[in-house]
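Listed below, chain by chain, are the residues.
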Amino acid sequence: RRLGLSDAGTPVGILGGARIAGKSGAHNIGILDIQTDEAFGKPGENFLVSRYSRDVLQRSRVGALFVNKDSGGESGHYNRTMGVDANFALGRSLQVSTFLAKTATPDREGKDLAYYGRIAYRDPKWNLWLNYLDVQDNFNAEVGFVQRRGIRATKAYFSPTPRPGRGGIRLMEPMYVLTYITDQGNRLVNRVHHTMLGTTL
């Protein structure tokens, strides 16, 4: 999301790059390498994004990601993101997904992890899920986008889904969503209660 853009969002010239993506059996791979030009008194940068995943079971996948940003010139600045993830479909209704990621930046050591977990259940009568996200203070993905650092966020969604079949109503979705966010010391930052009723005619 930041290739060819400065930190301020100004376009930066791209000298060239290459991309390969494909699937062979259960294996999925994608590699992108881009070299930018000098701009604003700074040397060009090289961006490498690589992704591998493997299909497992019937509808599940495990994978890994490596992102590398290297700056030329005397600064020697680099930024790397490494991550593993999994998405498991357990039966028709249950889904579990998770990731663990780490960044490496010369001036930021320690507290550079991010991890996420989600469990969801959906069938004709219920739609339920629970998310947990932890982004430490020094997690620094310069090639990607991090919405907020130094937080622990829990989000729960509860919704029965009755289908009355009367009065032209096909589906009703009363829902309650709780979002609870703390800092890394578990002090409350934000709490939101959200209720809504969706109806499909």
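Attention in this report is confined to the structure presented alongside it. Not measured: the values here are computed from a predicted model.

### Things to note about the overall build of the chain
Next up, step 1: The number of helices and strands found in the chain is zero helices and 11 strands.
Next up, step 2: Ordered by position from the N terminus, the helices and strands of the chain form the series β-β-β-β-β-β-β-β-β-β-β.
Next up, step 3: Over its C-alpha trace the chain gives a radius of gyration of 21 Å, far above what one expects of a compact globule, namely 17 Å for 201 residues.
Next up, step 4: C-alpha extents for the chain along the principal axes are approximately 70 × 45 × 30 Å.
Next up, step 5: Sorting the 201 residues of the chain into buried and exposed places 28% on the buried side.
Next up, step 6: Within the chain, contacts between residues at least 6 apart in sequence are counted, and of these 41% link residues at least 24 apart.

### Considering the side chain of serine 71
Next up, step 1: Note that serine 71 resides in strand 4 (residues 60-71).
Next up, step 2: For serine 71, a relative accessible area of 14% translates into the label buried.
Next up, step 3: A polar atom in the side chain of serine 71 sits 3.0 Å from the side chain of glutamate 45.
Next up, step 4: Those residues in contact with serine 71 that lie beyond four places of it in its chain are Gly44, Glu45, Gly76 and His77.

### So, the pairing of strand 2 (residues 27-36)
Next up, step 1: Strand direction decides the pairing type here: strand 1 (residues 14-24) and strand 2, joined by 10 bridges, are antiparallel. Across the sheet, residue isoleucine 14 finds its bridge partner in strand 2, namely threonine 36.
Next up, step 2: Connecting the antiparallel pair strand 1 and strand 2 is a turn made up of two residues, with glycine 25 showing a positive phi of about 60°.
Next up, step 3: Examined bridge by bridge, strand 2 and strand 3 (residues 45-56) share nine bridges and lie antiparallel to one another. Within strand 3, the residue paired with histidine 27 across the bridge is arginine 54.

### What about the pairing of strand 4?
Both faces of the sheet carry side chains from a regular strand, because those side chains alternate between them.
Next up, step 1: Note: strand 3 against strand 4, 12 bridges, orientation antiparallel. The partner of serine 53 across the bridge, within strand 4, is glycine 63.
Next up, step 2: A loop of three residues connects strand 3 with strand 4, the two strands running antiparallel in sequence, and leucine 57 in this loop sits at a positive phi of about 50°.
Next up, step 3: Looking at chain direction, strand 4 and strand 5 (residues 78-90) are connected through 10 bridges and run antiparallel. By the bridge assignment for strand 5, arginine 61 is matched with asparagine 87.

What counts and how
Residues numbered from 1 in each chain as written. Predicted model: local features only at pLDDT ≥ 70, side-chain atom pairs only at ≥ 80, totals over all residues. Heavy atoms only, no water. Helix = DSSP H or I, 4+ residues; strand = E, 2+ residues; numbered from the N terminus. Rg over C-alpha atoms; globule rule 2.2 N^0.38 Å. Buried < 20%, exposed > 50% of the residue type's maximum accessible area, 1.4 Å probe, protein only. Contact = heavy atoms within 4.5 Å. Polar contact = N/O pair within 3.5 Å; in protein donor to acceptor, adjacent residues only side chain to side chain. Pairing = 2+ DSSP bridges.

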